[in-house]
Amino acid sequence: MNNFNKIMVIVDPENEKQPALVRAMQFKHDQPIELVVVASIYYPAIESSFILDPQNMEQVKQSMLQFHRNRIHTLITDYKVKHAKITIDVNWHHAIHIGFFDLIKQHQPDLVIKGYHQHTTFEKWFLNTTDSQLLRACPVPLLFAKDQAISPESSVLAAADPSQRLNETSQLDNRVLK
């Protein structure tokens with residue numbers, strides 16, 4: 001099994017339960033790990049406001065980013081995260097999944113953990129959810145975490161794309177299959 005020394009944890013700063021953070025803390029390590037706890041946010045009402053001039057709009061965005069950084073800091077404190085170097089990063093992007101891809105590219109984690117959101121059938125089939133976008137294009141191993149305990153009988157599902165050309169990102173498939 002690979003050592004995951006730098007784990008990116010995608011949190012929903014507006015939610016009290018953080019299954020991704022819980023799963024990240026369950027990894028056993030023989031050395032301290034680095035946790036990069038991230039969120040990508042977007043509030044269309046701020047950008048579409050006719051009241052705010054560009055300078056005030058930027059100040060409001062920065063205030064929202066700082067609010068969410070503080071919220072994540074509180075979550076980390078509440079979950080009593082120990083023995084880890086912790087970095088908090090929040091970005092603003094109108095396409096949340098692209099915001100996450102930007103954060104992944106910037107921080108280069110060994111593993112990404114995200115809390116799974118239950119979606120309706122309509123959302124699954126007709127909308128591109130953030131979860132489905134991450135599943136399709138995450139360049140590093142991705143683990144979805146549900147808000148429930150792991151039992152000894154739990155299974156892990158790993159997937160590789162057999163239709164992928166050899167010159168594409170098949171290195172990840174090889175790592176998954178190990």
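Residues numbered from 1 in each chain as written. Predicted model: local features only at pLDDT ≥ 70, side-chain atom pairs only at ≥ 80, totals over all residues. Heavy atoms only, no water.

**Remarks on the environment of Leu103**
Structurally, the position occupied by Leu103 is in helix α4 (residues 96–107). When the C-alpha positions of Leu103 and Asp89 are compared, they lie 8.0 Å apart, and in sequence the two are 14 residues distant. Setting aside residues no more than four positions away along its own chain, Leu103 makes contact with Met8, Val38, Ala39, Asp89 and Asn91. (Helix = DSSP H or I, 4+ residues; strand = E, 2+ residues; numbered from the N terminus. Contact = heavy atoms within 4.5 Å.)

**Digging into the pattern of salt bridges**
Side chains that carry opposite charge are capable of pairing whenever their charged atoms lie near each other. The tally for this structure, following the rule as stated, stands at 4 salt bridges. The closest approach of N and O atoms between Arg71 and Glu16, which form a salt bridge, is 2.8 Å. In this pair, Arg71 is assigned in helix α3 (residues 54–78) and Glu16 in the loop between β1 (6–10) and α1 (19–26), connecting sequence segments 55 residues apart. Judged by its relative accessible area of 15%, Arg71 falls in the buried class. Of the charged contacts, one joins Glu47 and Lys61 as a salt bridge, the two residues approaching to 2.9 Å between their closest N and O atoms. With Glu47 in helix α2 (residues 44–47) and Lys61 in helix α3, this pair connects stretches of sequence that are 14 residues apart. (Salt bridge = Lys/Arg side-chain N within 4 Å of Asp/Glu carboxyl O. Buried < 20%, exposed > 50% of the residue type's maximum accessible area, 1.4 Å probe, protein only.)

**Description of the packing of α4 against helix α6 (residues 130–137)**
Interaxial distance between α4 and α6 falls to 9 Å at its minimum, and their mutual angle equals 40°. Regarding the angle of α4 to α6, the classification is oblique. In this structure, α4 crosses over α6, and the sense of that crossing is right-handed. Residue-level contacts link Ile96, His97, Phe100, Phe101 and Ile104 of α4 to Thr130, Gln133, Leu134 and Ala137 of α6. (Axes fitted to C-alpha atoms, helices over the stretch in contact; angles between N-to-C directions. Parallel < 35°, antiparallel > 145°, perpendicular 65-115°, else oblique. Left-handed = near helix turned anticlockwise from the far one by under 90°.)

**Focus: the environment of Val38**
Relative to the assigned elements, Val38 resides in strand β2 (residues 33–41). Judged by relative accessible area, which is 0%, Val38 ranks as buried. Apart from residues lying up to four places away in sequence, Val38 is in contact with Met8, Val9, Ile10, Val11, Ile72, Asp89, Phe100 and Leu103.

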